[in-house]
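Here is how the chains run, residue by residue.
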Amino acid sequence: MTGPGDGRGGASRRLLKAPAGLLLGAASAGAGLVLLAAAAPFMAYAFASPGGRRKVPGVAATAAMAAARLERRRLAVFFGYREAAEFGPGRALAYLALRAPIGLLGGAVLFLIAYGAVMTAGLAVSWWITGDYLDGIPPEPWIVAYTGIAGAVLLFVAVQGLAGVVALERKIARRCLGPSPLAAYERRIAELSVSRAEVVDAVDDERRRIERDLHDGVQQRLVALGMLIGRARRAGDEERARELLRQAHEESQRALADLREVAWRVYPAALDGEGLRAALETVAERSALPVAIEYEPGGRAPHAVETAAYFVVCEAVTNAAKHSGATRVAVRVSEDEGTGGRMIGVRIEDDGGGGADPAGGGLAGLARRVAALDGAFRVDSPPGGPTVVAAELPCA
């Protein structure tokens, strides 16, 4: 998964990789045409044979599947396309046939860009370095300006053409190699069923945690408070009774503090009133470790997204303070426009010893909470550290 906050850097890297991916795509398109031409006799024989329409011949099927897998790898490496795949030999052959002209188009656009760059470099050298002018006459300033503007416009059109070719590559791969609409709907229904069950489990876990906090904290202090008040009532000595009442008063203050702590952990009031940023600043103030917060979003996210982001940060900071041996925690909340719309990314990194268990109760509960919003959750905690907890939350 791409970590939150990496969206802009990832887009820049894909932009730099795109020309290489399109160049390889042009070469593979030519190879695909050769493969299709070689497979055509086998396909014709299969269609002419009785019952041959039921399947693609073995040789053609093996070659088509291998070529389609290589294309998927190229799309993943150079264009960041990693969507689910579900295809057979027939769909693989259809994909190769459809993408061949697009791959050649990408190669043609790259050739035109390279040709334009060579011509521009030649003009620049002849006009400003060697003085080798056409007919021995220096170019007029308006000719230089016209040539520069025309070249910039053509470069812009060519770059847009490259972006269009990349978009077509991804679209055809999704249509031909991805799951069918029915399979996608069935998969989505299964995911929703699982996430619904996980949300129920998360709610039950949260209730058990609240009950445990009340039982081990507030309830014990209230019992001690009742015992102190009872001893004060039975005390025969006025000075002794006054001392017991003083202890009871202190115990009531501690019980009130514990109750406020439990209420804050259940749901912070600042999250509703002042927003996610203020709630995270409260987490930093209450943490036993120094917490540096970098907050990018300018506006409010949907309530459910802010709530999930808050609990991801709160749980990760609490785990770092209790279990990691860390000395500091860095929290970054970013905003990005992904393919599905506005995304809120949360990244928490500590300098502890690592070894966090993603299947542990707290982190597993966070994963379920994020999954309920169709988000992505990742825990990277190698031995020796650092531990990185990241989540991406769509705001649709």
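Above this note sits the structure.
Every chain is numbered independently, its residues counted from 1 as its sequence is written. Local features in a predicted model are, by the rule used here, given only for residues with pLDDT of at least 70; side-chain atom pairs are given and counted only at 80 or more, and totals for whole chains, interfaces and linings are based on all residues. Hydrogen atoms and water are omitted, and side-chain values are computed over all heavy atoms in the structure.

**Q** How would you explain the overall build of the chain if you had to name every residue and give the values?
**A** The secondary structure listing takes helices from DSSP runs of H or I that are at least 4 residues long and strands from runs of E that are at least 2 residues long, numbered from the N terminus. A count of helices and strands for the chain gives 10 helices and 5 strands. A total of 396 residues make up the chain; the buried ones form 34% of that total. Exposure was quantified through the Shrake-Rupley algorithm and a 1.4 Å probe, taking into account, for residues, occlusion by the shown protein chains and nothing else. Counting every atom, the chain has about 22,900 Å² of accessible surface; 62% of that belongs to carbon and sulfur. Burial classes: relative accessible area under 20% of the type maximum marks a residue as buried, over 50% as exposed, and values in between as partly exposed (1.4 Å probe, protein chains only).

**Q** Pulling in residues and values, what's your account of the packing of aromatic side chains?
**A** Only Phe, Tyr and Trp rings are paired, with Trp represented by its six-membered ring, and only when their centres lie within 6.5 Å; those with planes under 30 degrees apart are stacked, over 60 edge-to-face, the remainder tilted. Counted under the stated rule, the structure contains 2 aromatic pairs. Ring plane angle 20° and centroid distance 6.4 Å describe the contact between Phe111 and Tyr115, whose orientation is recorded as stacked. Placement of the pair is Phe111 and Tyr115 together in helix H3 (residues 89–128), with a separation of 4 residues, close to one helical turn. The class of Phe111 is exposed, set by a relative accessible area of 55%. Taking the centre distance of 5.1 Å and the plane angle of 75° together, the rings of Tyr310 and Phe311 count as edge-to-face. Across the pair, exposure class does not vary: Tyr310 and Phe311 are buried alike. The ring of Phe311 has Arg369 sitting right over it, with the charged end atom 4.4 Å from the ring centre. Our definition puts a charge over a ring when NZ of Lys or CZ of Arg is within 6 Å of the ring centre and also within 35 degrees of the ring normal.

**Q** For helix H9 (residues 303–324), give the residues involved together with the corresponding values.
**A** Here the expected span of a helix is defined as 1.5 Å times the quantity of residues minus one. Relative to the 32 Å expected for 22 residues at 1.5 Å per residue, H9 spans 30 Å between its end C-alpha atoms, a close match to the ideal helical length. Of the residues trailing H9, Gly325 is marked for its positive phi of about 70°.

**Q** Pulling in residues and values, what's your account of a nonpolar patch on the surface?
**A** Patches were defined on residues exceeding 30% relative accessible area and lacking a salt bridge, with like-charge contacts within 9 Å and nonpolar side-chain contacts (Val, Leu, Ile, Met, Phe, Trp, Tyr) within 5 Å. By definition, a salt bridge exists where a carboxyl oxygen of Asp or Glu is found within 4 Å of a side-chain nitrogen of Lys or Arg. Side chains of Phe111, Leu112, Tyr115 and Met119 sit close together on the surface and give an oily, nonpolar patch of about 460 Å² of accessible area. Note that Met119 resides in helix H3.

**Q** So what's going on with a positive patch on the surface? Residues and values would help.
**A** Note on charges: Lys and Arg go in the positive column, Asp and Glu in the negative column, and His and the chain ends are not counted at all. Where a charge sits is defined by one atom per residue type, namely NZ (Lys), CZ (Arg), CG (Asp) or CD (Glu). A contiguous patch of positive charge, built from Arg231, Arg233, Arg234 and Arg240, is present on the exposed surface. Looking at the positive patch element by element, the count peaks at 3 residues for helix H5 (residues 181–234). Among the structural elements, Arg240 can be located in helix H6 (residues 238–266). Judged by its relative accessible area of 36%, Arg240 is partly exposed.

**Q** Now, about the pattern of salt bridges: what can you tell me, with residues and values included?
**A** Scanning the entire structure with this criterion turns up 17 salt bridges. A salt bridge links Glu239 to Arg242, with the nearest nitrogen and oxygen atoms 2.8 Å apart. Placement of the pair is Glu239 and Arg242 together in helix H6, with a separation of 3 residues, close to one helical turn. One connected set of salt bridges, linked through shared partners, spans Glu71, Arg74, Arg99 and Glu169.

**Q** Talk me through the nonpolar core; I want residue IDs and the actual numbers.
**A** For the purposes of this section, nonpolar cores are sets of buried Ala, Val, Leu, Ile, Met, Phe, Trp, Tyr and Cys residues that join through side-chain atoms within 4.5 Å. Formed by 37 residues in total, the largest nonpolar core has its most connected members in Leu276, Tyr310, Val312, Val329, Val331, Ile348 and Phe377. Where this core is concerned, the elements lending two or more residues are helix H8 (276–286), strand E1 (291–295), H9, strand E2 (329–338), strand E3 (341–350), helix H10 (361–371), strand E4 (376–380) and strand E5 (387–394). Sorting elements by how many residues they give to this core places H9 first, with 11 residues. Counting 27 residues, the second-largest nonpolar core is a separate cluster that includes Tyr81, Leu96, Leu110 and Ala173.

**Q** Tell me what's going on with the pairing of E4, and back it up with residues and numbers.
**A** Residues Phe377 and Val379 point to one face of E4 and are all buried, whereas Ala376, Arg378 and Asp380, pointing to the other face, are not buried. Pairing between strands requires that DSSP locate at least two bridges from one strand to the other. Relative to E5, E4 runs antiparallel, the two being bridged by 5 bridges. Across the sheet, the residue bridging to Ala376 is Glu392, located in E5. Linkage of E4 to E5, two consecutive antiparallel strands, is achieved through a turn of 6 residues, within which Gly384 is found at a positive phi near 95°.

**Q** Explain unusual backbone geometry to me, and be specific about the residues and the numbers.
**A** Its identity is not glycine, yet Asp374 carries a phi of approximately 65°, on the positive side. Looking at where Asp374 falls in the secondary structure, it is placed in the loop between H10 and E4. Judged by relative accessible area, Asp374 falls into the partly exposed class, the value being 46%.

**Q** Account for the environment of Arg286, naming residues and giving values.
**A** Mapped onto the fold, Arg286 is located in helix H8. Judged by relative accessible area, Arg286 falls into the partly exposed class, the value being 42%. Each C-alpha atom, one on Arg286 and one on Thr318, is 10.0 Å from the other, the two residues being 32 residues apart in sequence.

**Q** Account for the packing of H8 against H9, naming residues and giving values.
**A** Packed helix pairs are characterised by how far apart their axes lie and by the angle those axes make with each other. Between H8 and H9, whose axes approach to 10 Å, the crossing angle comes to 15°. On the basis of the axis angle, H8 is roughly parallel to H9. In this structure, H8 meets H9 at a crossing whose hand is right-handed. Between H8 and H9, the residues in contact are Leu276, Ala279, Leu280 and Val283 and Glu306, Ala309, Tyr310, Val313, Cys314 and Val317, respectively. Each residue gets one label: Ala, Val, Leu, Ile, Met, Phe, Trp, Tyr, Cys and Pro are nonpolar, Asp, Glu, Lys and Arg are charged, and the others, such as Gly, are polar. Grouping the constituent residues of the contact of H8 with H9 by class yields 9 nonpolar, no polar and 1 charged. Comment: axis = line fitted to C-alpha atoms, over the contacting stretch for helices; angle = value between 0 and 180 degrees taken between N-to-C directions. Roughly parallel means an angle under 35 degrees; roughly antiparallel means over 145; roughly perpendicular covers 65 to 115; every other angle is labelled oblique. In a left-handed crossing the near helix is turned counterclockwise from the far helix by less than a right angle, and in a right-handed crossing that turn is clockwise. What makes two residues a contact is simply this: any of their non-hydrogen atoms within 4.5 Å.

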